[in-house]
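Coordinates in review
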Amino acid sequence: MALSISSLTSSFSSLSFSSQISQQPNTSLSFKQSKSISIAPIFKTPKLVVSATVASPAELETTNLKKYVKSRLPGGFAAQTIIGTGRRKCAIARVVLQEGNGQVIINYRDAKEYLQGNPLWLQYIKVPLVTLGYESSYDVFVKAHGGGLSGQAQAISLGIARALLKVSEDHRPPLRKEGLLTRDSRVVERKKAGLKKARKAPQFSKR
């Protein structure tokens, strides 16, 4: 019995000792300061790109010619008196004549630039005026569309010849003599079924 009491007291003393140890602050332990990580939303700021377009000299010249034509033709092409319409293949040209020094403007561009400096196409335009001796007496303003440059040049020639008739009916005999008042009705012949083109047939083989 005495042994049991002594053992109990020793156990109680050990319990109280352990509780005292647990209550005392542990000074030997050191806590490292935790690094605070801040998560902020990432926004991509858009880059402001400023691009300045500089007009080319050709564009400036076209703009200036457009203003010049509008100043010379108040009310547009339809409001003019000396006007003629020419056609060739799929090309259509509306021509206005005004007294001037022989300048030719096609679709707000110089004729030489528009027709790529082709001497034959430029000759088509000059023939009606040269026939009557008006190459430096009238300015020619043209609106052309459809077809190619060759067809447009021939359509302009017919349009100039018809416009010159509005100036005077006396111009008809010399223009008719040169064949400048005749509408050229030739067009590309359509392709036929079974043929390569309009008339070209595939090679014939007997065997």
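Everything below is about the structure printed above this text.
Rules used throughout
- The numbering scheme is per chain: residues are counted from 1 as the chain's sequence reads.
- The predicted origin of the model limits local features to residues at a pLDDT of at least 70 and limits the giving and counting of side-chain atom pairs to 80 or more, whereas totals for whole chains, interfaces and linings rest on all residues.
- Excluded from the side-chain calculation are hydrogens and water; included are all heavy atoms of the structure.
- At least two DSSP bridges between two strands are needed for those strands to be called paired.
- What counts as a helix is a DSSP run of H or I of at least four residues, what counts as a strand is a run of E of at least two, and both are numbered from the N terminus.
- Working rule for contacts: check all heavy atoms of both residues, and any pair within 4.5 Å makes them a contact.
- Axis definition: a line fit to C-alpha positions, over the contact stretch in the case of helices; interaxial angles, taken between N-to-C directions, run 0 to 180 degrees.
- Here a Phe, Tyr or Trp ring, Trp counted by its six-membered ring, pairs with any other such ring whose centre lies within 6.5 Å, and the pair is stacked when the planes are under 30 degrees apart, edge-to-face when over 60, and tilted otherwise.
- The buried label applies to any residue whose accessible area, calculated with a 1.4 Å probe on protein chains only, is under 20% of its type's maximum; exposed applies above 50%, and partly exposed to all values in between.
- Any angle that falls under 35 degrees is termed roughly parallel, while one over 145 is termed roughly antiparallel, one within 65 to 115 roughly perpendicular, and all others oblique.
- We call a crossing left-handed when the near helix sits turned anticlockwise from the far one by less than a right angle, and right-handed when that turn is clockwise.
- Three classes are used, and their members are as follows: Ala, Val, Leu, Ile, Met, Phe, Trp, Tyr, Cys and Pro are nonpolar, Asp, Glu, Lys and Arg are charged, and the others, Gly among them, are polar.
- Only protein atoms enter the calculation, which uses a 1 Å grid: trapped sets of points that fit a 1.4 Å probe without letting it out are cavities, open sets showing protein on both sides within 12 Å along at least five of seven lines are pockets, and any residue with an atom within 4 Å of a point is a lining residue.
- Grid points are joined across faces, edges and corners, and a volume is the space filled by probe spheres set on the points.
- Between Lys or Arg on one side and Asp or Glu on the other, a salt bridge is scored when a side-chain nitrogen of the former is within 4 Å of a carboxyl oxygen of the latter.

**A look at the sheet that holds strand E2 (residues 91–99)**
As summarised here, the arrangement of the 5 strands in space is E1-E2-E5-E3-E4, forming an open sheet in which the pairing is mixed. The open sheet has two edge strands, strand E1 (83–88) and strand E4 (109–110), and neither has a second partner. In this sheet, E2 lies alongside E1 in antiparallel orientation, the contact comprising 6 bridges. Residue pairing for E2: Gly84 is matched across the bridge by Val95. Contacts from helix H5 (residues 149–167) reach E1, E2, strand E3 (104–106) and strand E5 (138–145) within the one sheet, and its direction differs from that of E1 by about 150 degrees.

**Looking at the packing of aromatic side chains**
The full count for this structure, using the stated rule, is 2 aromatic pairs. Here the aromatic rings of Tyr134 and Tyr138 are separated by 5.4 Å at their centres, their planes lie at 70 degrees, and the arrangement is edge-to-face. A relative accessible area of 22% means that Tyr134 is categorised as partly exposed. Given the relative accessible area of 9%, Tyr138 is considered buried.

**Remarks on the packing of helix H4 (residues 119–132) against H5**
Contact geometry of H4 with H5 gives a least axis separation of 7 Å together with a crossing angle of 15 degrees. Taken as axis vectors, H4 and H5 run roughly parallel relative to one another. Handedness of the H4/H5 crossing: right-handed. Across from Trp121, Tyr124, Ile125, Pro128, Leu129 and Leu132 in H4, the residues of H5 making contact are Leu149, Ser150, Ala153, Gln154, Ile156, Ser157, Ile160, Ala161 and Leu164. Partitioned by chemical class, the residues of the contact of H4 with H5 number 12 nonpolar, 3 polar and no charged.

**Some remarks on empty space enclosed by the protein**
Taken as a whole and judged by the stated rule, the model has 1 cavity of 30 Å³ or more. Together, Ala58, Glu61, Thr62, Leu65, Asp110 and Glu113 line the largest cavity. With 4 residues, the top contributor of residues to the lining of the largest cavity is helix H2 (residues 57–72).

**Remarks on the pattern of salt bridges**
Under the counting rule described, the total for this entry stands at 7 salt bridges. We note a salt bridge from Asp184 to Arg88, for which the minimum N-O separation is 3.3 Å. Within this pair, whereas Asp184 is found in the segment after helix H6 (172–177), its partner Arg88 is found in strand E1, the two being separated by 96 residues in sequence. For Asp184, a relative accessible area of 23% corresponds to the partly exposed category. Linking Arg186 and Asp184 is a salt bridge whose minimum nitrogen-to-oxygen distance equals 2.8 Å.

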